[in-house]
Amino acid sequence: MYYATVNAPLNLSLDRTAKIALAEQIRRGVTAAIESGVLEPGARLPSWQDLAAQLGVARGTVRTAYEKLAAAQLIEASRATGTRVAQRPRDAVKSEQPPDAGSFMEIYREMTQGPALFQMGVPAIETFPATLFARIRAQAVRAEASAPPLYPDPRGEFELRREIAGYLAVARGINCSPSQIIVTGGFAAGLGLTLGVLDLGGHSAWVENPGFPWTRKGLELARLSLAPTPVDADGIDIEHGLRHHPDAKLVVVTPGQQAPLGAILSLERRLRLLEWAAANRVWVIEDDYLSELQLSGRAAPALASLDRDGRVIHIGSFSKTISPAVRLGFLVAPVELMSRFAEVAACLAPAPGPAVQLATAEFMHEGHYMRHLRRTKRAYAAKRQVLLECLQASVGADRVTAPGLAVLLKLPRGTSDLAVARALSAFGMSPSPLSSWYVSPDSAEAGLLLGVATAPTSNLARSCDRLFDVIRRFR
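We now turn to the structure provided with this report.

What counts as what
Starting from 1, residues in each chain are numbered consecutively following that chain's sequence as written. Where totals are concerned, whole chains, interfaces and linings use all residues; where local detail is concerned, this predicted model gives features only for residues with pLDDT of at least 70, and gives and counts side-chain atom pairs only at 80 or more. Only hydrogens and water are removed before side-chain values are computed, so all heavy atoms of the structure are retained for them. Helix and strand labels come from DSSP, where a helix needs a run of H or I of at least four residues and a strand needs a run of E of at least two; each type is numbered from the N terminus. Here the globule rule reads 2.2 Å times residues to the power 0.38, and the radius of gyration is calculated from C-alpha atoms. When a residue's accessible area, from a 1.4 Å probe over protein chains only, is under 20% of the maximum for its type it is buried; when over 50% it is exposed; and in between it is partly exposed. Under the convention used here, a 1.4 Å probe and the Shrake-Rupley method define accessible areas, while residue burial counts only the protein chains that appear. None of His or the chain ends enter the tally, which takes Lys and Arg as positive and Asp and Glu as negative. Taken as the charge location is NZ of Lys, CZ of Arg, CG of Asp or CD of Glu. One bridge is not enough; two strands pair if DSSP finds at least two bridges between them. Only buried residues count toward a nonpolar core. Its members are Ala, Val, Leu, Ile, Met, Phe, Trp, Tyr and Cys residues joined through side-chain atoms within 4.5 Å. Patch membership is restricted to residues that have no salt bridge and whose relative accessible area is over 30%. Joining uses 9 Å for like charges and 5 Å for the nonpolar side chains Val, Leu, Ile, Met, Phe, Trp and Tyr. Take a side-chain nitrogen of Lys or Arg and a carboxyl oxygen of Asp or Glu: if they are within 4 Å of each other, that pair is a salt bridge. Any Phe, Tyr or Trp ring, taking Trp's six-membered ring, that has another such ring centre within 6.5 Å forms a pair; planes under 30 degrees apart are called stacked, those over 60 apart edge-to-face, and the others tilted. The criterion is that NZ of a Lys, or CZ of an Arg, lies within 6 Å of the ring centre and within 35 degrees of the ring normal, and then a charge sits over that ring. We call two residues in contact whenever any of their non-hydrogen atoms come within 4.5 Å of each other. Axis angles are defined between N-to-C directions and span 0 to 180 degrees, where every axis is a line fitted to C-alpha atoms and, for a helix, only to the segment in contact. Angle categories are assigned with fixed cut-offs, so that under 35 degrees is roughly parallel, over 145 is roughly antiparallel, 65 to 115 is roughly perpendicular, and the rest are oblique. Whether a crossing is left-handed or right-handed is set by the direction in which the near helix is turned from the far one by less than a right angle, anticlockwise for left-handed and clockwise for right-handed. Three classes are used, and their members are as follows: Ala, Val, Leu, Ile, Met, Phe, Trp, Tyr, Cys and Pro are nonpolar, Asp, Glu, Lys and Arg are charged, and the others, Gly among them, are polar. Definition of a polar contact: a pair of N or O atoms within 3.5 Å, with one able to donate and the other able to accept a hydrogen when the atoms are protein atoms, and with sequence-neighbouring residues admitted only if both atoms are side-chain atoms.

## Observations concerning the overall build of the protein
Helices and strands together make up the secondary structure of the protein, namely 16 helices and 17 strands. The C-alpha radius of gyration computed for the protein amounts to 24 Å, which stays within 12% of the reference 23 Å derived for 475 residues, consistent with globular compactness. If one aligns the C-alpha atoms of the protein with their principal axes, the spans along those axes are about 75 × 65 × 40 Å. Taken across its 475 residues, the protein has 50% of its residues classed as buried. Total accessible area on the protein is roughly 22400 Å²; 52% of this is exposed by carbon and sulfur atoms. Charge centroids of the protein, computed over 52 positive and 45 negative side chains, lie 6 Å from each other.

## Here's the deal with the sheet that holds strand β4 (residues 75-78)
Pairing within the open sheet is antiparallel, and its 3 strands lie in the order β3-β5-β4. With one partner strand each, in any of the chains shown, β3 (44-45) and β4 form the two edges of the open sheet. Pairing of β4 with strand β5 (residues 82-85), which is carried by 4 bridges, proceeds in the antiparallel orientation. Its bridge partner being in β5, Ile75 is matched across the sheet by Val85.

## As for the nonpolar core
The nonpolar side chains of a soluble globular protein tend to be buried with one another. Ranked by internal contacts, the top residues of the largest apolar core, which has 93 residues, are Leu168, Trp206, Leu387, Leu391 and Leu448. Top contributing element to this core by residue count: helix α14 (residues 368-395), with 8 residues. In terms of nonpolar packing, the next biggest core, distinct from the first, is built from 24 residues, Leu195, Leu198, Leu219 and Ala345 among them.

## Regarding a nonpolar patch on the surface
Nonpolar side chains collect at one region of the surface, where Leu267, Leu271 and Leu306 lie side by side and expose about 260 Å² of accessible area between them. Here Leu271 shows up in helix α11 (residues 267-280).

## Some details on the packing of aromatic side chains
In the structure shown here, the tally under the stated rule is 12 aromatic pairs. Summarising the aromatic geometry, the rings of Tyr167 and Tyr369 are spaced 5.6 Å apart at their centres and angled 75 degrees between planes, so their arrangement reads as edge-to-face. Taken together, the positions of Tyr167 in helix α7 (residues 158-172) and Tyr369 in helix α14 put the pair 202 residues apart, joining distant regions of the chain. Here the two residues Tyr167 and Tyr369 agree in accessibility, since each one is buried. Aromatic ring contacts, followed pair by pair, group Phe128, Phe133, Tyr167, Phe318, Phe330, Phe363 and Tyr369 into a single cluster. The cationic tip of Arg311 hangs over the ring face of Trp283; the distance from NZ or CZ to the ring centre is 3.7 Å.

## Re the pattern of salt bridges
The full count for this structure, using the stated rule, is 16 salt bridges. Put simply, Glu336 and Arg311 hold a salt bridge, and the shortest N to O gap is 3.9 Å. With Glu336 in the loop between β13 (329-332) and α12 (338-347) and Arg311 in the loop between β11 (283-287) and β12 (312-317), this residue pair connects regions lying 25 residues apart in the sequence. Taking the relative accessible area as the measure of exposure, Glu336 reaches 47% and is therefore partly exposed. Judged by its relative accessible area of 2%, Arg311 falls in the buried class. Between Arg472 and Asp469 there is a salt bridge whose closest N-O contact spans 2.5 Å. With a gap of 3 residues between them, Arg472 and Asp469 both fall in helix α16 (residues 460-473), about one helical turn apart. For Asp469, a relative accessible area of 40% gives the class partly exposed.

## Let's talk about the sheet that holds strand β7 (residues 204-209)
In space, the 8 strands of this open sheet follow the order β6-β13-β12-β11-β10-β7-β8-β9, with mixed pairing throughout. With one partner strand each, in any of the chains shown, β6 (181-184) and β9 (235-236) form the two edges of the open sheet. Relative to β9, strand β8 (residues 225-232) runs antiparallel, the two sharing 2 bridges. Paired with Asp232 across the bridge in β9 is Gly235. The strands that α7 touches are β6, β12 and β13; relative to β6, the one it contacts most, it runs at about 115 degrees.

## Overview of the packing of helix α2 (residues 48-55) against helix α3 (residues 59-71)
Relative orientation of the contacting elements α2 and α3 amounts to 125 degrees, with a least axis distance of 8 Å. Classified by the interaxial angle, the pair formed by α2 and α3 is oblique. Of the two possible hands of crossing, α2 and α3 adopt the one that is right-handed. Residues Trp48, Gln49, Leu51 and Ala52 of α2 lie in contact with α3, whose contacting residues are Arg59, Val62, Arg63 and Tyr66. Among the residues making up the contact of α2 with α3, the classes are represented as 5 nonpolar, 1 polar and 2 charged.

## Considerations on the side chain of Thr415
Positionally, Thr415 belongs in the loop between β15 (406-410) and α15 (417-424). Looking at Thr415, its side chain comes within polar contact range of the main-chain oxygen of Pro412, at 3.0 Å. Beyond its immediate stretch of four places on either side in the chain, Thr415 contacts Val420, Ala446, Phe474 and Arg475.

## Focus on the environment of His203
Residue position: His203 is located in the loop between α8 (187-198) and β7. His203 gets classed as partly exposed once you look at its relative accessible area, which sits at 36%. Spatially, the C-alpha atom of His203 lies 8.0 Å from that of Arg223, the residues being 20 residues apart in sequence. Setting aside its immediate chain neighbours within four residues, His203 contacts Leu224, Ser225 and Lys249.

Okay, here's the thing in structure tokens:
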């Protein structure tokens, strides 16, 4: 404990095994103390040299944290008075109101907070050629700044749409023209654009159960009625959907790798789905979850590659291969809907800024993207194998499976996976509770989805021991 003022203790606890940098841990700790009122405006902080000695870290680490705090106008430093908490309006001192317990936004925050160990949905930092991409992106930013101030094509830059069309032909078996490609701000933006074009409010939609919770919420916001459809080893159960919800006008599927259980939609079910969709004028949204990042064998062709009647809208994203921070994705519009997609994109959902698009296009054109995917798959496969062995050594093979880019750890009966996941967040871990992927969590099987990409590269055994220690507390 280090006292910043006589009666205001500054408690900083550093976890050297966490993925979060020590400087960032210090910044977060001081920020939390300021925003909670523990450190009031004017309170004096220790010098970065003194705090470094107190915490046993390098002085440069504390100095980096202080510089970030100063840039955020949370602290002020001067030779005369030292480093102190900056004066702020009283309303600004109050911490942000957290989302309501159990609300969608609370689940959203819990699933996206990080960086954290075992977090799903984000790629590994160490496998991405960040320096190369940063150089290409910097060139694109300079080109954008010097270009005439014109409105860009709302469908996306032609260079990127051309590269995506070529990539889909080679990697996903989809033959489409660049004019069918619409560049979006990630999967969520692509889903929103598609729902706006289809305008199916009041109708029902098949959704996988379990399935991606954000997709379900998006369908609800678009005023569609959810028709939960179970998933087995062959993917979504088409016959179940036909028996119970034959009047549905939309189907949302993850056929390449079902999210979160990892099943590949069988060829028989793919053909049955497409036949029924064509005969009944049903639209199918293909969420190309993980696309090429299938770690066992070659990725299955996209469902859209079998579509001969123009009923499938294929949505992809660069979030899990490049970064979710770039907010970049795409969709393939059926020829029948090309003009409608272009109109809605132009008026309601134009593509992101040109710089990030042109940088991604150059990254793909020079072959860097495909090389990056190959290296990443090898690295992820190795990490998944080590994680599997570590978990199986503790609980046996029957409670551990490996769907997609996650390892599913089944929890003992009666254990709340939500409670376990929230307790693990205090240790810098953010596995996804399996129950939150079900339409009705009360009837779901309890489990933790441990992201492979963000699994620790060192001290894995220690992280697994801590994981099981927390689980035992909730049995």
